[in-house]
Amino acid sequence: MSHACGALAAALVGTAEFYQRQPHASTELSGFVMVALIVETLLGFLTFTGSLMAMGKLQEVLPQRPITYPKQNVINFLLFAIALGLGIRLILVPTDTYLFPVFGGLALVFGVLLIIPIGGADMPTVIALLNSYAGLSACAMGFALDNKLLIIAGALDGSSGLILSIIMCKAMNRSFTNVLFGAFGQIQATAVKTENRPVRSASPEEAASILEAAGSVIIVPGYGLAVAQAQHKIRELFDNLTRRGVDVKFAIHPVAGRMPGHMNVLLAEADIPYDRLFEMDDINGEFPQCDVALVIGANDVTNPAARTDKGSPIYGMPILDVDKAHTVMVIKRSMSPGFAGIDNDLYYMDRTLMLFGDAKVFVSEILKELPAKVAA
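Enquirer: Hey, could you go over the overall build of the chain for me, with residue numbers and the actual values?
Expert: Within the chain one finds 15 helices and 6 strands. Each of the 376 residues in the chain was classed as buried or not, and the buried ones make up 52%. Relative to all contacts within the chain whose residues are 6 or more apart in sequence, the contacts with residues 24 or more apart total 78%. Total accessible area on the chain stands at roughly 16400 Å², and carbon and sulfur atoms take up 62% of it.

Enquirer: So what about the packing of helix α4 (residues 72-92) against helix α5 (residues 99-115)? Which residues, and what values?
Expert: Where α4 meets α5, the closest approach of the two axes is 9 Å, and the angle between their N-to-C directions is 150°. If you check the angle between α4 and α5, you find them roughly antiparallel. In terms of crossing hand, the pair formed by α4 and α5 is left-handed. Across from Asn76, Leu79, Phe80, Ile82, Ala83, Leu86, Gly87, Arg89 and Leu90 in α4, the residues of α5 making contact are Leu99, Phe100, Val102, Phe103, Leu106, Val109, Phe110 and Leu113. Across the contact of α4 with α5, the residue classes break down as 14 nonpolar, 2 polar and 1 charged.

Enquirer: A description of the sheet that holds strand β5 (residues 327-332) should follow, citing residues and the corresponding values.
Expert: Neighbouring strands of a sheet are bound in pairs by backbone hydrogen bonds; such pairs are parallel or else antiparallel. Read from one edge of the open sheet, 6 strands run β3-β2-β1-β4-β5-β6, paired in parallel fashion. Both edges of this open sheet fall to β3 (277-279) and β6 (352-356), since each of them pairs with a single strand only. Going from strand to strand, the sheet's axes swing by 25° on average, the running direction of each strand aside. In this sheet, strand β2 (residues 247-252) lies alongside strand β1 (residues 216-221) in parallel orientation, the contact comprising 4 bridges. Of the residues in β2, the one forming a bridge with Ile219 is Phe250.

Enquirer: Any details on the pattern of salt bridges? Residues and values, ideally.
Expert: Under the counting rule described, the total for this entry stands at 12 salt bridges. A salt bridge links Arg21 to Glu17, with the nearest nitrogen and oxygen atoms 2.8 Å apart. There is no split in this pair, since Arg21 and Glu17 are both buried. With a shortest N-O distance of 3.8 Å, Lys324 and Asp321 are connected by a salt bridge.

Enquirer: Can you lay out a nonpolar patch on the surface for me, pointing to particular residues and giving the numbers?
Expert: Together, Leu84, Ile88 and Leu92 make up an exposed nonpolar region whose accessible area comes to about 300 Å². Considering the arrangement of structural elements, one finds Ile88 in helix α4.

Enquirer: Quick rundown of α4? Include the residues and the values.
Expert: When the terminal C-alpha atoms of α4 are compared, their 30 Å separation across 21 residues agrees well with the 30 Å that a helix rising 1.5 Å per residue should span. Every buried residue belonging to α4 is among Gln72, Asn76, Leu79, Ala83, Leu86, Gly87 and Leu90, and all of these are buried. Taken down its axis, α4 places every buried residue within 100° of arc, on the same side. Among the exposed residues of α4, those pointing more than 90 degrees away from its buried face are Val74, Leu78 and Leu92.

Here is what the cut-offs are and how they apply
- Residues numbered from 1 in each chain as written.
- Predicted model: local features only at pLDDT ≥ 70, side-chain atom pairs only at ≥ 80, totals over all residues.
- Heavy atoms only, no water.
- Helix = DSSP H or I, 4+ residues; strand = E, 2+ residues; numbered from the N terminus.
- Buried < 20%, exposed > 50% of the residue type's maximum accessible area, 1.4 Å probe, protein only.
- Contact = heavy atoms within 4.5 Å.
- Areas by Shrake-Rupley, 256 points an atom, 1.4 Å probe, with all protein chains shown as cover.
- Axes fitted to C-alpha atoms, helices over the stretch in contact; angles between N-to-C directions.
- Parallel < 35°, antiparallel > 145°, perpendicular 65-115°, else oblique.
- Left-handed = near helix turned anticlockwise from the far one by under 90°.
- Nonpolar A, V, L, I, M, F, W, Y, C, P; charged D, E, K, R; others polar.
- Pairing = 2+ DSSP bridges.
- Salt bridge = Lys/Arg side-chain N within 4 Å of Asp/Glu carboxyl O.
- Patch = residues over 30% accessible without salt bridge, like charges linked within 9 Å, V, L, I, M, F, W, Y side chains within 5 Å.
- Expected span 1.5 Å × (residues − 1).
- Arc of directions from axis to C-beta.

Have a look at this one:
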């Protein structure tokens, strides 16, 4: 929400400057200054409402699936073209004050329509992109106010957000234009299969026994860990297993969680040693030799369908190879699908055990069993 508030502030400053300078519009709102104000308000308003939509999807206030409607692409581009046209008109004739509220309103609406066609699985990339828009809006505000600090800070924020969004697109095997334009070339979320498929579940006692006997454990954190705020309990589990001589590592997927770097921040908050955190490309080769892969709330980034099912919405997305571990344990509240809206084949494998429950509570139950076994 920080970039949403920053973008709104920039847009409101631009609006205030536009009306404040009206008495001397012919001299103070001419040429480059007016261009900067239009860019500032356009990006600021659309970033604000777009960020609210992204937050709604992540908080499950809005459906995580893409929200589409007939002629959506045509309507979106037409709306943006009208807003842009009004902006150009205001640049040429800044005294047409009656057009400015319409221009701002169209920018607010476009921000909503830009984000709702994008599925929840793409939200980390969208957040990075919106952060870039907020930075560019601040940069434009710097030009309008002749503030060099704002120009530099905004340009840095805008460029870093853009670079990060491109990196995130590569990590998800999605094109940048697909995310940028929402429904253009969008892969629609498929309906979850309702067929009955058997799953194996385990209790905290059984999970503790498996972890106790393991020589190596790779923990895969995801959004479920963040929701449950289980990072400190994971730290306790890490300490417990490490004291037993178990080699414990953490596998971090670049788009795990609700924003870029989310998992790194959570684990750092719990003082997990940084040298125990491994990026996807560095850790994937170790899963075949790993005794236990413990997945905590990570869904789409561990789905083997990304490698095998050409009809899957996430086909081609690089994933963590947890299915290659000797034993896989997944802590999850239910069998509900992830952001991409599809079932995870990992959950139905013979070597997979589902640990149903809140991550924080379940890990706490595991920790209660481990000391008891030591004392015995």
